[in-house]
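# Fold and contact review
If you want the building blocks of each chain, they are given just below.
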Amino acid sequence: MNGRKASEYIVERENNRIAEGLSNKVSQLKNIAIDMRDEARSHSSLLSSLSDEFQDSDSLLGRTGKRLKSVAFNSASQNRTLTCYIVLASILLFLLFYYGAGLLSSSPSSHNNT
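As a starting point, this report considers the structure included with it. Quick caveat, the model's predicted, so the values are computed rather than measured.

Rules and cut-offs
Residues numbered from 1 in each chain as written. Predicted model: local features only at pLDDT ≥ 70, side-chain atom pairs only at ≥ 80, totals over all residues. Heavy atoms only, no water. Helix = DSSP H or I, 4+ residues; strand = E, 2+ residues; numbered from the N terminus. Areas by Shrake-Rupley, 256 points an atom, 1.4 Å probe, with all protein chains shown as cover. Phe/Tyr/Trp six-rings, centres within 6.5 Å; stacked < 30°, edge-to-face > 60°. Buried < 20%, exposed > 50% of the residue type's maximum accessible area, 1.4 Å probe, protein only. Patch = residues over 30% accessible without salt bridge, like charges linked within 9 Å, V, L, I, M, F, W, Y side chains within 5 Å. Salt bridge = Lys/Arg side-chain N within 4 Å of Asp/Glu carboxyl O.

## With respect to the overall build of the protein
- Counting its secondary structure elements, the protein contains 2 helices and 0 strands.
- For the protein, the accessible surface area stands at approximately 10,600 Å², while carbon and sulfur atoms represent 61% of it.

This is the structure:
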């Protein structure tokens, strides 16, 4: 009978060791789940604030477009010419900055493979 008790003791110890390992893994999973929840909440808050900022920008752009339209189409021809020059200058500046930024990002130091 001592052999049987020794065998039961070994099996019980093995079960306890496995149960402790499972408990540690469950604890780790719980911590990961809590971290994921916290991260999702912070991202949700960030997205909400970005949405509000985009709505404000959209409203500002809409008002600016209406003002530009009223200046361009409801004024004398001299103002229309000035408006066209301003629009063309804005487009040229945008293109200049766009391609200038592209040239800066593709500088020779970024292509160095050694």
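## Structural notes on the packing of aromatic side chains
- Taken as a whole, this structure holds 2 aromatic pairs when the rule is applied.
- Relative to Tyr-98, the ring of Phe-94 lies with its centre 6.0 Å away and its plane at 20°, an arrangement referred to as stacked. With Phe-94 and Tyr-98 both in helix α2 (residues 77-105), this residue pair falls 4 residues apart, about one helical turn.
- Take Phe-94: its relative accessible area is 54%, and that puts it in the exposed class.
- Judged by its relative accessible area of 53%, Tyr-98 is exposed.
- Pairing Tyr-98 with Tyr-99 gives two aromatic rings, centres 5.2 Å apart and planes at 80°, and the pair type is edge-to-face.
- The exposure class assigned to Tyr-99 is exposed, which follows from its relative accessible area of 52%.

## Let's talk about a nonpolar patch on the surface
- Taken together, the side chains of Leu-68, Tyr-85, Val-87, Leu-88, Ile-91, Leu-92, Phe-94, Leu-95, Tyr-98 and Tyr-99 present a nonpolar region at the surface, about 1,100 Å² in accessible area.
- The leading source of residues in the nonpolar patch is α2, at 9 residues.
- Its place among the elements puts Ile-91 in helix α2.

## Regarding the pattern of salt bridges
- Here the structure, examined in full by the defined rule, presents 3 salt bridges.
- Across the salt bridge formed by Arg-17 and Glu-14, the nearest N and O atoms sit 2.4 Å from each other. On the criterion of helical spacing, the pair formed by Arg-17 and Glu-14 is a turn pair, its members being 3 residues apart in helix α1 (residues 2-73).
- Take Arg-17: its relative accessible area is 53%, and that puts it in the exposed class.
- Glu-14 sits in the partly exposed class, given a relative accessible area of 35%.

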